[in-house]
Amino acid sequence: MISLLSIALLLGGLLAGCSGNNNEGSGGSASGSESPSSSGASSTEPAAAEPTKIKVFAVQEPNIDLATNKFTLFAEEKFGIDFDFEAVPSDGAKEKRQISLASGDYPDAYILTAYIDQFSQADLLKYGQQGVLVPLNDLIDQYAPNIKAALESNADFKAFSVAPDGNIYGLPSYAQCFHCSYPNKMWLNTTWLEKMNLEMPKTTDDFKKVLEAFKNDDPNGNGKKDEVPLSGSTEDYGVRIVPYLMNAFVYDDDRNHLMLKDGKVSSSATTEEWKQGLAYIKSLYDEGLIDPGAFTQNSEAFKKIGENADVQILGAGAGMHPAIFVNIDKGNKYSKDYNAVPPLTGPNGVSYATHDNGGVAPGAKFAITNKASEEAKIALIKFVDYLFTPEGQTNAASGLEGIDWRKPTEGEVALGEGVTPLFAPIPAAEGEAPRNAGWSGMGHFYMTKEYRDSFVQGTDIYDSTGYERRLYQASLLYEGKEPKELFPIWALWLDPAETDEASMLQTNIRTYIDENTLQFITGNKSLDKDWDSYIKGLNGLKLDRYLEILQKSYDNSTYK
């Protein structure tokens, strides 16, 4: 998801990372209220005469040479550091990190890229309690006012950072993305809708009628029944069609099918409402309104439908954003035709929208080991504290001022409504060589919604320069439609003794639910005859034990 966000932001002119929860708090100077050239409350002191050499394990992303990178040189001079990078390629980064830890020949620190590899919560507890990863609490308290402010003011960030024993063994990549936090959107061909004098659907019955019209009434006007009323694919970008439709019956988180009520976690996939939702989706499938490939194809195959060469054939597409299935660059044929459908209301008045952490992955991208000297620890935490300011975050992730970004000019508008614009990207010229001025994903540390909202964004939502605004406006249709209680599985720290067990149960249960969901929809299993057997199968996979582990973790967490 973070990778997807990078694509979306690049299309909008910003090289950035994909967030957050419905909480919009931010910490300290990262609130977006200060000048972009300010370094906030960073406690930078004059550099020592001799720079502190620090060995860092890092991921070498494409078009970035860390040793000669302009931000590397900038940071070294500013903080009196001499980085000695052990730069590994993206492929195999996780394995190489694990080998370095297991061998005992590990560096002073790790600075990772969350969507490529990072420490899991289990890793943090394991290596933290072994003494390999040092607690950052005292360092933050003494030398990192911006990190400290974020911990004090942002409950989400604190929940991700503070282990159950009270220690901070590493810092996460906190990239709060508003549109990513509502991943399961539906995009409807509104050009076809207008052509057929139909209104935007509000209910499940309305939606079915629209799909029927798309199938039977030749909206593309070629005299053939070649339209694909509804399609999607199988990746994790909100492209699975079931969650959007199921949310008109019972809440579906699209990950583990969990819900929370009165503080108690349970499975949505065992409820009568889930069965009703399956019956509705099956009715669409039986009438040929759902592309069978939606349950098996990858995003490339999905996009071939959306970008069909001869004639437009796609009526509705599931996805976090439409660039997944249509091109949105200049000269596109179909992009402007697809607009977001608000959450549908089902026969029982239910209307939910899937809400998740929007790209904030549990674990940590930054950690200091016991190999680091005291001088190195202080230099590292001061450096990372700088990345918790707007200037530091932008320089690290996007590139340096004057190279990759500039201050806005009069008349330019920020992404957030009523927000003063602070940063404007400098687009690369066609054929321009890589600038090698920022760390890209490795530089993402603290991106609050307020920070993202302060970037200049185009006002034409159907132009690539206004794409992020298009997604922002679409997400407003989904905002507030999530349940009042959400089970924050992404922010929970499991008991290390139960982590492996929970992981195995999670995988087996999710796979079983997803496989049976498909079988019920396609008719390979009968909702009338096989439902009870399906429930027994879940019990056999120890669903109760899985929920017990999660409930214990939730009850012991500060995230409530």
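Residues numbered from 1 in each chain as written. Predicted model: local features only at pLDDT ≥ 70, side-chain atom pairs only at ≥ 80, totals over all residues. Heavy atoms only, no water.

Chemist: Whenever I open this one, the sheet that holds strand β2 (residues 81-89) confuses me. Can you help?
Modeler: Where strands meet in a sheet, backbone hydrogen bonds hold them as pairs that are either parallel or antiparallel. With respect to topology, 4 strands assemble into an open sheet ordered β2-β1-β3-β11, the strand pairing being mixed. With one partner strand each, in any of the chains shown, β2 and β11 (366-368) form the two edges of the open sheet. Averaged over all pairs of adjacent strands, the angle between strand axes in this sheet comes to 20°, irrespective of strand direction. With 3 bridges joining them, strand β1 (residues 52-60) and strand β3 (residues 109-111) adopt parallel strand pairing. Paired with Ala 58 across the two strands is Ile 111, which belongs to β3. Contacting β1, β2 and β3, helix α3 (residues 93-103) crosses the sheet at an angle of about 140° to β1. (Pairing = 2+ DSSP bridges. Helix = DSSP H or I, 4+ residues; strand = E, 2+ residues; numbered from the N terminus. Axes fitted to C-alpha atoms, helices over the stretch in contact; angles between N-to-C directions. Contact = heavy atoms within 4.5 Å.)

Chemist: What am I meant to see in the packing of aromatic side chains here?
Modeler: Going through the model one piece at a time under the given rule, you end up with 38 aromatic pairs. Arranged with centres 5.1 Å apart and planes meeting at 20°, the rings of Phe 83 and Phe 85 form a pair that is stacked. Aromatic side chains Phe 520 and Tyr 534 sit 5.6 Å apart centroid to centroid with 90° between the ring planes, which places their arrangement in the edge-to-face category. A residue pair is termed long-range when its members are at least 10 positions apart, and Phe 520 in helix α17 (residues 499-522) and Tyr 534 in helix α18 (residues 531-540) qualify at 14 residues. Residues Phe 520 and Tyr 534 agree in their burial class; the two are buried. Put simply, the rings of Phe 71, Phe 74, Phe 79, Phe 83, Phe 85, Phe 383, Tyr 386 and Trp 439 touch in pairs and so form one group of aromatic residues. Against the face of Phe 445 rests Lys 365, its NZ or CZ located 4.5 Å from the ring centre. Lys 371 extends its terminal NZ or CZ atom over the ring of Tyr 106, reaching a point 4.1 Å from the ring centre. (Phe/Tyr/Trp six-rings, centres within 6.5 Å; stacked < 30°, edge-to-face > 60°. Buried < 20%, exposed > 50% of the residue type's maximum accessible area, 1.4 Å probe, protein only. Lys NZ or Arg CZ within 6 Å of the ring centre and 35° of its normal.)

Chemist: Explanation requested: α17 in the structure shown.
Modeler: Since one α-helical turn is 3.6 residues long, residues separated by three or four positions face the same way. Under the 1.5 Å per step criterion, the end-to-end length of α17 is 35 Å for 24 residues, consistent within 8% with the ideal 34 Å. Those residues of α17 hidden inside the fold are in contact with α4 (121-130), α10 (241-246), β8 (264-267), α11 (272-286), α18 and α19 (543-555). Gly 523 lies just past α17 and shows a positive phi near 90°. (Expected span 1.5 Å × (residues − 1).)

Chemist: When you look at the confidence of the model for the protein chain in this model, what are you seeing that I'm missing?
Modeler: Low pLDDT means the predicted atomic positions in that stretch should not be read closely. The pLDDT averaged across the protein chain works out to 90; a share of 91% of its residues lies at or above 70. Note on residues 1-43: pLDDT under 50 across the span, and 165 contacts to partners over four residues away in sequence or across chains. (pLDDT = per-residue confidence, 0-100.)

Chemist: Even after reading the chapter, I still don't get the state of the cysteines, so can you show me in this structure?
Modeler: Any covalent bond linking the sulfur atoms of two cysteines counts as a disulfide. Enumeration over the complete set of coordinates arrives at 1 disulfide. With its sulfur 2.1 Å from that of its partner, Cys 177 forms a disulfide with Cys 180. Across the disulfide from Cys 177 to Cys 180, rotation about the S-S bond amounts to roughly 70°, and the bridge is consequently right-handed. (Disulfide = S-S within 2.5 Å.)

Chemist: I keep staring at the environment of Ala 437 and nothing clicks. Help me out?
Modeler: With respect to the secondary-structure elements, Ala 437 resides in the loop between β13 (424-425) and β14 (446-447). Spatially, the C-alpha atom of Ala 437 lies 8.1 Å from that of Ile 64, the residues being 373 residues apart in sequence. For Ala 437, the contacting residues outside a window of four places in its chain are Asn 69, Lys 70, Phe 71, Asn 395, Gly 399, Leu 400, Ile 403 and Asp 404.

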